[in-house]
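The chain contents come next:
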Amino acid sequence: MMLYPAMKDLLEKVPSRYELVNVVACKARRIAREAEMAGEPLEEKPVSIAIQAVADGNLDDGSEQPEQ
């Protein structure tokens, strides 16, 4: 099974696998929360949207920190 985007491509945007998991998880939670608050259904899973955002380089300037 081939994954897209490739892990090596994602690691060019985020320096470590651990940080990549945290960034994607936080971004996915934010996407899901915003969609729920707006009452809009998502066409894709939040994690898929978050991974694609990382691949596209759409990282917020450090605001993708774990929630407290």
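As a starting point, this report considers the structure included with it. (Residues numbered from 1 in each chain as written. Predicted model: local features only at pLDDT ≥ 70, side-chain atom pairs only at ≥ 80, totals over all residues. Heavy atoms only, no water.)

1. As for the overall build of the protein
- Helix and strand counts for the protein stand at 3 helices and 0 strands.
- Secondary structure of the protein in N-to-C order comes out as α-α-α.
- Of all 68 residues assigned to the protein, the portion counted as buried reaches 22%.
- Intrachain contacts of the protein at a sequence separation of at least 6 include 63% that bridge at least 24 residues. (Helix = DSSP H or I, 4+ residues; strand = E, 2+ residues; numbered from the N terminus. Buried < 20%, exposed > 50% of the residue type's maximum accessible area, 1.4 Å probe, protein only. Contact = heavy atoms within 4.5 Å.)

2. Examining helix 3 (residues 46-55)
- Of all the residues in helix 3, the buried ones are Ala50, Ala53 and Val54. For helix 3, the buried positions fall inside an angular range of 100° around the axis, keeping them on one side.
- For helix 3, the elements touching its buried residues are helix 1 (7-10) and helix 2 (17-38). (Arc of directions from axis to C-beta.)

Coordinates in, geometry out; function isn't part of it.
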